[in-house]
Every structure is written in structure tokens, then in C-alpha cells.
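Coordinate analysis (summary)
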Amino acid sequence: MNIELENIGARAKAIDESITAAEIGLDLTGTELVENVRFRGEAVRIDGKTHLRGTILAEASVDCTRCLEPIKRPIEIFFDSVYVGPDNIPSEAEAALAAADLDESVAEDGKIDVVEALREQILLDLPDHPACKEDCMGLCPKCGGNRNLIDCRCEENEVDPRWAALKDLI
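In this report, we go over the structure that sits alongside the text. (Residues numbered from 1 in each chain as written. Predicted model: local features only at pLDDT ≥ 70, side-chain atom pairs only at ≥ 80, totals over all residues. Heavy atoms only, no water.)

A look at the overall build of the protein
Counting its secondary structure elements, the protein contains four helices and eight strands. Helices (α) and strands (β) of the protein occur, in sequence order from the N terminus, as β-β-α-β-β-β-β-β-β-α-α-α. Within the protein, buried positions represent 31% of all 170 residues. Pairs at least 24 residues apart make up 58% of the contacts formed inside the protein by residues separated by at least 6 positions. Working note: accessible area of the protein is about 11300 Å², and carbon and sulfur atoms make up 48% of it. (Helix = DSSP H or I, 4+ residues; strand = E, 2+ residues; numbered from the N terminus. Buried < 20%, exposed > 50% of the residue type's maximum accessible area, 1.4 Å probe, protein only. Contact = heavy atoms within 4.5 Å. Areas by Shrake-Rupley, 256 points an atom, 1.4 Å probe, with all protein chains shown as cover.)

Below, the structure is given as C-alpha cells:
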């Protein structure tokens, strides 16, 4: 779904879309959207800049970074992205950017790709190192068992050969 900048005016244009998880395509190992993404928002032009804002509702499944068990994670994101047309890009002589300019994106060909904007917001919202629970014990490095489910005792029974000489000192 694309929005053409020339069709957006000072009066907000309402958007209510349901986009399939396949269209969003997160392309992350261990992370997937488990339902359609719902976007309710608007596009409006303010001071010559187009704002795409609204709320994204979805549900994702992310793998715990410790034990690799899937975690269901509801997503609810409010965002306000600012776009300028390619003709509003400053020349090299005018390239001094203000802090506010860093939050603006250029709408290539005068169009906003709404699916890409939603994908970007979802990726920014996902945690870097998700854990199924705060005290997740992870996987055993020897047998690969999930320490939350089994008590393998691999480390208790084996001594690292690099430290074996120190065992005789005790």
C-alpha cells in the first residue's frame, strides 16, 4: 500500500488496514508475526511535511535467546513518522541538519510505502534479547537440554581439563 504525498492535505486522511504477516515479512530468524497486522491511523500534511501516524496492533512469536522456547508477544505501537518529498532534500550547500531533521524520512518517488513503515516500527519495537522469564536457565552447553525442563547435571559431573591441575591443590 502506497500513499502519494500529493494526495495528502491539511485535512487528515484516515487509514484502517489489515496487512498479512507475509506482506510485512520480518525476515528474522526466530521471530515471526503470528497474525495479521492491524493499522489504524492517518496521514496529514503539517507545515509542508507529511505525517503518517497511528497505532499498530499485532502478535509476534520470538524465540527466547537463552532456551530457544517461543514466546508470544503482543505488539501495540503508537508512532508518528514524518516524510518529506524528494524535492525537499537540501543541496550540499544547505546540508546543515537540525536535530528535528534527523527524524524525517524521504518519500522516494513522492510515495510513502505504508507496509515498509509498519515493518520498520515493528522491528524497532522487538526486544534485542528476549527471555521467556527473568530467571531462564538456558540450554546446557554439553547435552543441549533445556535446563528449565530437565536437571542434566552435566557440569557437576565433569571437570574442565584446563582446571584439572587445580583440583589437586584442594
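After that view, the rundown keeps rolling.
Describing the environment of A107
Within the secondary structure, A107 sits in the loop between β7 (104–106) and β8 (111–113). Along the sequence, A107 and Y83 sit 24 residues apart, while their C-alpha atoms lie 5.9 Å from each other. Each residue touching A107, except ones within four places of it in the same chain, is listed here: L5, Y83, V84, G85, P86 and I112.

A closer look at the pairing of strand β4 (residues 37–46)
Bridging between strand β2 (residues 13–19) and β4 involves seven bridges; their strand directions are antiparallel. Directly across from I19, in β4, lies its bridge partner V37. In this sheet, strand β5 (residues 49–63) lies alongside β4 in antiparallel orientation, the contact comprising nine bridges. Residue pairing across strands places V44 opposite H51, the latter belonging to β5. The antiparallel pairing of β4 with β5 creates a hairpin that spans two residues between the two strands, and D47 there sits at a positive phi of about 55°. (Pairing = 2+ DSSP bridges.)

Some words on unusual backbone geometry
Of note in this structure, D47 is not a glycine but carries a positive phi near 55°. Assignment of secondary structure puts D47 in the loop between β4 and β5. Using a relative accessible area of 75% as the deciding quantity, one classes D47 as exposed.

Looking at the environment of N146
Residue placement: N146 occurs in the loop between α2 (114–125) and α3 (154–157). According to the relative accessible area criterion, N146 is buried, its value standing at 10%. Between the C-alpha atoms of N146 and R66, which are 80 residues apart in sequence, the distance is 9.1 Å. In this structure N146 touches C67, E69, G138 and L139, once residues within four positions along its chain are discounted.

Structural notes on the pairing of strand β6 (residues 70–84)
Here β5 runs beside β6; their pairing, made up of 14 bridges, is antiparallel. The residue bridging L52 from the neighbouring strand is S81, located in β6. What sits between β5 and β6 in their antiparallel hairpin is a turn of six residues, with L68 showing a positive phi close to 70°. With three bridges connecting them, β6 and β7 associate as parallel partners. Each bridged residue has a counterpart across the sheet, and for V82 the counterpart in β7 is E104.

Side note on the environment of L68
Structurally, L68 can be placed in the loop between β5 and β6. Separated by 64 residues in the primary sequence, L68 and C132 place their C-alpha atoms 8.7 Å from one another.

Just distances and angles here, no functional claims.
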